[in-house]
Number of protein chains: 2
Amino acid sequence: MYSDRFNILVQKLRLLPSVGSKSAQRMALHLLMRQRTGALELAQAIQDAVEHIHECSVCHALTELEVCEICQDSERDDALLCVVESPADVFAIEHSGSFKGKYHVLHGHLSPLDGIGPEEVGIPHLLQRLSQGQIKEVILATNATVEGQATAHYLVEACKHLPIRITRIAQGVPQGGELEYVDSHTLHQALTHRLLLNQD
Amino acid sequence: MYSDRFNILVQKLRLLPSVGSKSAQRMALHLLMRQRTGALELAQAIQDAVEHIHECSVCHALTELEVCEICQDSERDDALLCVVESPADVFAIEHSGSFKGKYHVLHGHLSPLDGIGPEEVGIPHLLQRLSQGQIKEVILATNATVEGQATAHYLVEACKHLPIRITRIAQGVPQGGELEYVDSHTLHQALTHRLLLNQD
Ligand SMILES: [Zn+2]
Ligand SMILES: [Zn+2]
């Protein structure tokens, strides 16, 4: 209102998810009135994160390394691959402690009406990874939403020719729910009772 | 989880008001996955704001100038001073368009149990300003909370010896409400129907 830089700060805070103009103004005032040092630390943390964190070249999760720690972990099962829609889903599944294989992170889900096809979500790279022969089972852990289900169905078709067991997390994930918000116990159930979708 | 810098970013985002660990994680992922350029702009906006925005030396609102635009505005009534708890309240009253005097922003409200007394909220500086003789009426626009009322009562006592009319915004502000969230119409009512607290 009285300061261009204040207005710019409010506007940029609105880039954060679920932050409207009123929240953004509160955040800006809070940073300037009560957290000036913290504000500078936040700015530095954002710059450091953007500079050093990128996608793992193997699984597309976020990492500071060329290949992420999970991909490099020789104690995890290379034959078991869990396919998710976002890095947040990797966090959620890791937090549940019920999976010891590797991951592949898509860029979201298929959404033909928005022009988001297999290429855009990174399915070619997943299929290339599957064709290398090391993976024996793919667990499709896309969200239990319409788009997540459609993406899973697409992948079942796309993998038909490969000698790979394809499963889908199933029991426990509530219909319409997004994986990121499911509790650990439910995720554990979903991973334990996964359903076989094609013939083995 | 896999990245120290990611964890630091999540931790620093929690400095924002009403942001818990789950929201902070969502924000961090959103910035890194979908808003990398915006994230750098946000970091820059925070740094610019902290560097250039400070308290007005006269009224303690936030400004990029030594003395803010409202204090400098010769078309506003220097004899009428509105006392508020925070810069957000200045925004709210300005937005209501029903006040053409000047402001004085306290550092919140008196809270003796938390060790926040007159000194901490900046009352000595307000009294010094009032003693200069230019101000004919003080409108106490502290929040309609217990602490805001107590702060207003304290100010009535502290100004007893001064030849100044002291009023309190009254009608329309709901009991327990915080000024920042009151709609413009209600603020207009509160300013129009202010009550005289001492004898004129
Ligand atoms: Zn990886
Ligand atoms: Zn000022």
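This text follows the structure it describes.
Residues numbered from 1 in each chain as written. Chains lettered and ligands numbered in written order. Predicted model: local features only at pLDDT ≥ 70, side-chain atom pairs only at ≥ 80, totals over all residues. Heavy atoms only, no water.

Asks: Whenever I open this one, helix α7 (residues 123–130) of chain B confuses me. Can you help?
Replies: Because the α-helix completes a turn every 3.6 residues, residues three or four places apart line up on one side. Residues and elements named next belong to chain B. Buried residues of α7: Ile-123, Leu-126, Arg-129 and Leu-130, and no others. The buried residues of α7 occupy an angular sector of 120 degrees when the element is viewed end-on, so they sit on one face. The secondary structure elements touched by the buried residues of α7 are α4 (69–72), β3 (77–84), β4 (101–105), α6 (118–121), β5 (137–140) and α8 (146–158). (Buried < 20%, exposed > 50% of the residue type's maximum accessible area, 1.4 Å probe, protein only. Helix = DSSP H or I, 4+ residues; strand = E, 2+ residues; numbered from the N terminus. Arc of directions from axis to C-beta. Contact = heavy atoms within 4.5 Å.)

Asks: Please clarify how the relation of the copies chain A and chain B should be interpreted in this entry.
Replies: Mapping chain A onto chain B is achieved by rotating through 180 degrees and translating by 0.0 Å along the same axis, at an RMSD of 0.1 Å. Each copy turns onto its partner about a two-fold axis. Taking C-alpha positions as reference, the residue of chain A nearest the rotation axis is Ala43(A), located at 2.1 Å. (Least-squares fit on C-alpha atoms with pLDDT ≥ 70 in both.)

Asks: Can you walk me through the interface of chain A and chain B in this structure?
Replies: It is common to give the size of an interface as the accessible area that goes away when the parts come together. Facing 52 residues of chain A, the contacting portion of chain B comprises 52 residues. Contact between chain A and chain B buries roughly 5,700 Å² in total, counting both sides, with carbon and sulfur atoms accounting for 70%. On inspection of chain A and its partner chain B, the count reaches four salt bridges. For Lys12(B), the salt bridge is made with Glu41(A), and the minimal N-O distance between the two is 2.8 Å. Counting residues per element, the ones that place at least two in the side of chain A that touches chain B are α1 (4–13), α2 (21–34), α3 (36–52), α4 (69–72) and α5 (87–96) of chain A. With 15 residues, the single largest contributor to the side of chain A that touches chain B is α3(A). By residue class, the composition of the side of chain A that touches chain B is 31 nonpolar, nine polar and 12 charged. (Buried area = accessible area lost by both parts, 1.4 Å probe. Salt bridge = Lys/Arg side-chain N within 4 Å of Asp/Glu carboxyl O. Nonpolar A, V, L, I, M, F, W, Y, C, P; charged D, E, K, R; others polar.)

Asks: What exactly am I supposed to notice about the coordination of the zinc ion (ligand 1) here?
Replies: When a metal holds four donors in a tetrahedron, each ideal angle between them is 109.5 degrees; when it holds six in an octahedron, the ideal angles are 90 or 180 degrees. Taken together, the protein donors to the zinc ion (ligand 1) comprise Cys56(A) (SG), Cys59(A) (SG), Cys68(A) (SG) and Cys71(A) (SG), at separations of 2.3 Å. Around the zinc ion (ligand 1) sit four donor atoms; with metal-centred angles ranging over 105 to 117 degrees, the donor geometry is tetrahedral. (Donors = N, O, S within 2.8 Å, 3.2 Å for Na, K, Ca; no water. Tetrahedral: all angles 85-135°; square planar, octahedral: opposite > 155°, others 65-115°.)

Asks: For this particular structure, what's the right way to read the pattern of salt bridges?
Replies: Pairing between side chains of opposite charge can happen when the charged atoms of each approach one another. Counted according to the given criterion, the structure contains 12 salt bridges over all chains. The partner of Glu64(B) in a salt bridge is Arg5(A), with the nearest N and O atoms 2.5 Å apart. One end of the pair, Glu64(B), is in the loop between β2 (62–63) and α4; the other, Arg5(A), is in helix α1, on a second chain. A residue is classified by how much of its surface remains accessible, and Glu64(B), at 24% relative accessible area, is partly exposed. The residue Lys160(A) makes a salt bridge to Glu157(A) at a minimum N-O spacing of 3.0 Å. For Glu157(A), a relative accessible area of 47% puts it in the partly exposed group.

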